[in-house]
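Chain by chain, the residues:
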Amino acid sequence: MENLFHFHISMSILISIMFVVWGNENLFSPLNSTYINQSKEIFMSLDPSTLQDPPMSSFTFSIYHRGVFEKSKFKDYDSLLINMLDRSEARASYLASIFDDDRDVKKGADTTLMWGQGVGKVTEKVPRTTSTYCDHGEYVASFLLGSNQVRNFMQIDTGSDLLWWQCGPCEANKCYKQVNPLYDSTKSKTFQKMDCIYGSRCYDAFDTTYTCNIYDHECKYNIGFASGERSKGFMADDVITFVLDHQSVLVTFGCGKDQSSGRSSFSNRYSGLVGLGRRLEVGSYSLPSQFGADLMSICLPRFYSGKGSSLSFHITPWRRTTSAKLLINQKFPLFYFVNLYKIFIGDKLLPVHPSWWKFTKGGRKRGVTVDTGTTITNFPLDLYIVFRYLFRREVGDIPVVKGPHKSLDTCYKDDPKGRPLYFPDVKLYFGEVNQKNMLLLSKERVMIHFTGYYCLAFKGWNRSHSVLGSTQLQGIGLTFDTFENTLSFDLDACG
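Treat the numbers as computed from the prediction; the structure is a model and nothing was measured.

S.K.: So what's going on with helix H4 (residues 77–99)? Residues and values would help.
M.R.: Relative to the 33 Å expected for 23 residues at 1.5 Å per residue, H4 spans 33 Å between its end C-alpha atoms, a close match to the ideal helical length. For H4, the capping residue at the N-terminal end is aspartate 76, with a side-chain oxygen 3.4 Å from the backbone nitrogen of aspartate 78.

Structural data, given as structure tokens:
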């Protein structure tokens, strides 16, 4: 009987241990620095000049992480990553300048943008909150410009409504020397200047970006960027062409004639900027607005993946496995806000009230926006302190050390023998705690590895808004549906 008793006790202990181990496997994910470093070395050896656009259907473009084009400027991948984190800090400052604008939303006052009629939309004008833009897009798309189909790479930005590119012929020293062939409007048979008498945006008294020259009818623009660059030119129409079926579509864009007057220069790797801000019926040049697209799908390639992915309009190749609700914010109509509800670290609920994520003061405060130009997810500082505490507690015995970048405060030294380290997964629930509304973040969507450290890829900032960044979204197929007002996630849809 005693032996039988010990047998039962031993089995109970064994089952408990197995449960804990299996449970940890479900709640924690391993990271192996040997594999990560090998992937970085392969990435740094890639030749961007060999990139080819695969055949794609209409309204679909190839996209890449900008590191593919800029890595030659850095001695190794970690130096490239530090530069990326610096850009993320600059992006955060830019977003803070927008979110800090406290002008009231009043119908008919200080207005430049208008929602169209339809499902989940409102027909009320809202104020433009800034005349300064950001050119820190982290992803790049390939476009065929004009009737002669000049291939150029341009940065894409989900937080912008701009569409502009360098436009020859240029006066001496007015255009920067770009790597790709310069688009020349005189060589495109489909190019046409916008007549500002019929260009409503030129008459907007509250948006000084655009002005109408009544003598030559040019709709002139003058765009300043937060990092010091400036582009001047005029608005025009021309076509972009799709690779597979050679169908062309007419777009309105800023024809950049003078990029020389800013306090800093544009990167010569790219010829312009493509805004992917939310579709609006009036006053926006973003591609969703110009294409009349309520459906936009994109998969952000992983940071050290040399593989391209796709950006599509009107269709999505990605499964809608889990979904968040897209929320309308009348104060910031271009941004994609989501209904974050609760966060779990491992199996531990972050003990904060869901009201942390909801709009207050007419949308001016709080809320969670998805932004592809921000590398690191930003939480309000008080909330982040709780998040960080719970994460460190879940990690357990691995000591926290000072990291290699000022923006990251929860770092762990890599195992000297290259053995994997285990870190807790992070679960984001949207609307309610339900598997259909959960985005599971693990491994490199939670931790960044560089210079021998693993660092938590979340940070706090002194703002009430939260920003869900590209580290968390890399490799995920995203479907933005502004008709149904949903954002769907397809985990590991691209490399």
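S.K.: I'd love a proper account of the state of the cysteines, names of residues and values included.
M.R.: Here a disulfide denotes a covalent bond joining the sulfur atom of one cysteine to the sulfur atom of another. In this structure the tally under the stated criterion is five disulfides. Disulfide partner of cysteine 167: cysteine 255, at an S-S distance of 1.9 Å. Linking cysteine 167 and cysteine 255, the disulfide has an S-S dihedral of approximately -75° and is accordingly described as left-handed. Placement of cysteine 167 in the loop between strand S8 (163–166) and strand S9 (192–193) and of cysteine 255 in strand S13 (residues 248–258) is noted, with a sequence separation of 88 residues between them. We note that cysteine 167, like cysteine 255, is buried.

S.K.: I'd like a rundown of the environment of aspartate 238, residues and numbers included.
M.R.: Relative to the elements of secondary structure, aspartate 238 occurs in strand S12 (residues 230–241). A residue is classified by how much of its surface remains accessible, and aspartate 238, at 0% relative accessible area, is buried. For the pair aspartate 238 and serine 188, spaced 50 residues apart in sequence, the C-alpha to C-alpha distance is 8.0 Å. Non-local contacts of aspartate 238, meaning those with residues more than four positions away in its chain, are made with Gly146, Ser147, Tyr183, Ser188, Thr190, Phe191, Val249, Leu250, Val251 and Phe253. A distance of 2.8 Å separates a polar atom in the side chain of aspartate 238 from a polar atom in the side chain of serine 188. For aspartate 238, the side chain forms a polar contact with the side chain of threonine 190, separated by 2.4 Å.

S.K.: Please provide a residue-by-residue account of the sheet that holds strand S23 (residues 411–413), values included.
M.R.: Within the open sheet, the three strands sit side by side as S23-S28-S27. Their pairing is antiparallel. Edge strands, defined here as strands with exactly one partner in the open sheet, are S23 and strand S27 (447–450). Averaged over all neighbouring strand pairs, the angle between strand axes comes to 25°, with direction disregarded. When S27 meets strand S28 (residues 453–456), the two strands line up antiparallel, connected through four bridges. Following the sheet pairing, methionine 447 is matched in S28 by leucine 456.

S.K.: Now, about the pattern of salt bridges: what can you tell me, with residues and values included?
M.R.: The full count for this structure, using the stated rule, is 19 salt bridges. Between aspartate 78 and lysine 40 there is a salt bridge whose closest N-O contact spans 3.0 Å. Taken together, the residues aspartate 78 in helix H4 and lysine 40 in helix H2 (residues 33–44) connect sequence positions 38 residues apart. Each member of the pair aspartate 78 and lysine 40 is classed as buried. Here aspartate 490 ties to arginine 319 by a salt bridge, and the two come within 2.9 Å at their closest N and O atoms. Taken as a pair, aspartate 490 in strand S32 (residues 486–490) and arginine 319 in the loop between strand S16 (309–313) and strand S17 (322–327) lie far apart in primary sequence, 171 residues in all. Residue classification places aspartate 490 among the buried positions, given a relative accessible area of 5%. Each of Arg66, Glu70, Arg87 and Glu138 takes part in a single network of salt bridges with overlapping partners.

Scoring rules and cut-offs
- Residues numbered from 1 in each chain as written.
- Predicted model: local features only at pLDDT ≥ 70, side-chain atom pairs only at ≥ 80, totals over all residues.
- Heavy atoms only, no water.
- Helix = DSSP H or I, 4+ residues; strand = E, 2+ residues; numbered from the N terminus.
- Expected span 1.5 Å × (residues − 1).
- Polar contact = N/O pair within 3.5 Å; in protein donor to acceptor, adjacent residues only side chain to side chain.
- Disulfide = S-S within 2.5 Å.
- Buried < 20%, exposed > 50% of the residue type's maximum accessible area, 1.4 Å probe, protein only.
- Contact = heavy atoms within 4.5 Å.
- Pairing = 2+ DSSP bridges.
- Axes fitted to C-alpha atoms, helices over the stretch in contact; angles between N-to-C directions.
- Salt bridge = Lys/Arg side-chain N within 4 Å of Asp/Glu carboxyl O.

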